[in-house]
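If you want the building blocks of each chain, they are given just below.
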Amino acid sequence: MKRFCFLILLMVLNQVIFSQNLELSAEIRPRYEFRNGYKSLIDDGQEPASFVSQRSRLNIGFEQDKLQLILRVQDVRVWGDVATNMSNSSNSIAIFEGYAQYNLNSLWSFKIGRQVLSYDDQRIMGEVDWAQQGRSHDAFLISFAPNKKHHLDVGISVSSQKETIIETNYDVNNYKNMQFLRYAYNLDRSYLSFLFLNNGFQFEQSGLDLVAKYMQTFGVFYKVNKLKWSGEFSIFGQTGELVNANISALYAGGALKYNVSEDWQIGIGGEYLSGTAMDDTSGKNKSFNPLFGTNHKFNGFMDYFYVGNHINSVGLLDAYANLKFARKKFNLTISPHLFSAAETVLLDGTNKMTDYLGTEIDLVANYKLQKDINLNAGYSQLFASNTMEVLKGGNVDKTQNWAWIMVVIKPELFSLTK
């Protein structure tokens, strides 16, 4: 009888296992950084920082019929932030993604839970993969794709700090609520997308009244690939109200790349992010905010602009070029940036400074050691102006540089396909 029951159990487990897809993968990503003027100018008496941070992820994917589940657990830490004999961690373990997707039919799908929202060049919405923690959202997403040419996403999100019985102020550095619509039209060698994003931020006014202020971001992105040429172009506007200022901001960007040969690629590009002049008396906030973009990807890798900084400031003009060499498992990229303020910078509130902020040169090398292991390294040098010192502090006469080396190990641990 026991043998018979055991046989029945094996038959049931076999039916369950082989009627679904299951994938298990992992990522180990330690990165050493030497920071000597990263994000802000280093000053007299300050010493460079150096440390190793690490991201460890476990990714689980499950699929059965119309249902798909994704769970990505991660531990983000700095080497040494917990003593070697400690019995617990520093609360570094978190759920990066945890969502369910249901494919109603070939046209409609629904996704709910913690998820990455990443579109186009990631200027407005991106995963921020460079940051060890990345970026993901608690959201409900509806997708409609009648064919390969058209794709529509509609997303909504509501944020609360904790479970409560009455409304309380939401003071996390995040939106209180969000709604967005993104439509993409695909052609043979190009595609055009439109994004409308509405974010509500909650504030506590005098008298403890809670009020929500809304910002709207909207614009288009166009990408094209033709023979040896490729290009990306985008323009976005922002309106709404935050705190006690009306928003009127603009972004425009474009880039062209040309494949000179199989090994060499050259490119040029530029970005304009509007700002608010230090002597502006209009009462409007004219500073464009890229919000949830992968901002490390833009405006130099030393992250002087829009990586947790330079918000509601004088804006930016960034003219850049790049030269890339790629052969087999190795590639090398050199990218110089020329930075200028988009609006007036004042010294001591009176004297107007030159718009020129500085020049940054980024060098990045990548080598694929084997299928699941990549070695990456980079070096950046900033030549800052006195105007940059006014904005960022520090001492422009000191050497400002940044170097890093990173190992990315991403093996597939297990895969079962029905």
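Because the structure is a prediction, the values reported are computed rather than measured. (Residues numbered from 1 in each chain as written. Predicted model: local features only at pLDDT ≥ 70, side-chain atom pairs only at ≥ 80, totals over all residues. Heavy atoms only, no water.)

### Brief notes about the overall build of the chain
Next up, step 1: Of the regular secondary structure elements, the chain holds two helices and 22 strands.
Next up, step 2: For the chain, whose C-alpha radius of gyration is 24 Å, the value lies close to the compact-globule estimate of 22 Å for 418 residues.
Next up, step 3: In terms of its C-alpha atoms, the chain occupies a principal-axis envelope of roughly 95 × 60 × 55 Å.
Next up, step 4: When burial is assessed residue by residue, the chain has 41% of its 418 residues classed as buried.
Next up, step 5: Here the analysis covers contacts within the chain between residues at least 6 apart in sequence; of these, 58% occur between residues at least 24 apart. (Helix = DSSP H or I, 4+ residues; strand = E, 2+ residues; numbered from the N terminus. Rg over C-alpha atoms; globule rule 2.2 N^0.38 Å. Buried < 20%, exposed > 50% of the residue type's maximum accessible area, 1.4 Å probe, protein only. Contact = heavy atoms within 4.5 Å.)

### Remarks on the packing of aromatic side chains
Next up, step 1: All chains considered together, the criterion is met by 15 aromatic pairs.
Next up, step 2: Through a chain of ring-to-ring contacts, three or more aromatic side chains come together here, namely Tyr38, Trp130, Trp402 and Trp404.
Next up, step 3: Directly above the ring of Phe96 sits Arg57, whose terminal nitrogen or CZ lies 3.9 Å from the centroid.
Next up, step 4: Its end group placed over the ring of Phe298, Arg123 keeps NZ or CZ at 4.3 Å from the ring centre. (Phe/Tyr/Trp six-rings, centres within 6.5 Å; stacked < 30°, edge-to-face > 60°. Lys NZ or Arg CZ within 6 Å of the ring centre and 35° of its normal.)

### So, the pattern of salt bridges
Next up, step 1: Counted by the stated rule, this structure contains 15 salt bridges.
Next up, step 2: For Arg31, the salt bridge is made with Glu33, and the minimal N-O distance between the two is 3.2 Å. Side by side, Arg31 and Glu33 carry an identical accessibility label, which is buried.
Next up, step 3: A single salt-bridge network, built from bridges that share partners, covers Glu27, Arg29, Arg55 and Asp129. (Salt bridge = Lys/Arg side-chain N within 4 Å of Asp/Glu carboxyl O.)

### Thoughts on unusual backbone geometry
Next up, step 1: Look at Leu227: it is not a glycine, yet its phi comes out positive at around 50 degrees.
Next up, step 2: Note on placement: Leu227 falls in the loop between strand 10 (210–226) and strand 11 (229–242).
Next up, step 3: Unlike most non-glycine residues, Asn299 shows phi in positive territory, near 60 degrees.
Next up, step 4: Here Asn299 is to be found in the loop between strand 14 (284–285) and strand 15 (316–327).

### Observations regarding the nonpolar core
Where a protein is soluble and globular, its nonpolar side chains tend to be buried together.
Next up, step 1: Core analysis: the biggest nonpolar cluster contains 45 residues, and Phe180, Phe305 and Met388 have the highest contact counts within it.
Next up, step 2: Those elements that place two or more of their residues in this core are strand 6 (137–144), strand 8 (177–186), strand 9 (190–204), strand 11, strand 12 (245–259), strand 19 (356–370), strand 20 (373–384) and strand 21 (400–409).
Next up, step 3: At four residues, the largest contribution of residues to this core is made by strand 21.
Next up, step 4: Every residue in contact with Phe305, bar those within four places of it in the chain, is listed here: Asn299, His310, Leu316, Phe339, Leu357 and Met388. (Core = buried A, V, L, I, M, F, W, Y, C linked by side-chain atoms within 4.5 Å.)

### Structural notes on the environment of Ala139
Next up, step 1: Assignment of secondary structure puts Ala139 in strand 6.
Next up, step 2: By relative accessible area, Ala139 is classed as buried at 8%.
Next up, step 3: Separated by 34 residues in the primary sequence, Ala139 and Asn173 place their C-alpha atoms 17 Å from one another.
Next up, step 4: What Ala139 contacts, discounting residues up to four positions off in sequence, is Lys111, Ile112, Gly113, Gln115, Leu117, Ile156 and Ser157.

### Focus on the side chain of Asn395
Next up, step 1: Its location among the elements puts Asn395 in the loop between helix 2 (386–392) and strand 21.
Next up, step 2: Since its relative accessible area comes to 15%, Asn395 is described here as buried.
Next up, step 3: A distance of 3.1 Å separates the side chain of Asn395 from the side chain of Asp44, its partner in a polar contact.
Next up, step 4: Once residues within four sequence positions are removed from consideration, Asn395 is found in contact with Leu41, Ile42, Asp43, Asp44, Glu389 and Gln400. (Polar contact = N/O pair within 3.5 Å; in protein donor to acceptor, adjacent residues only side chain to side chain.)

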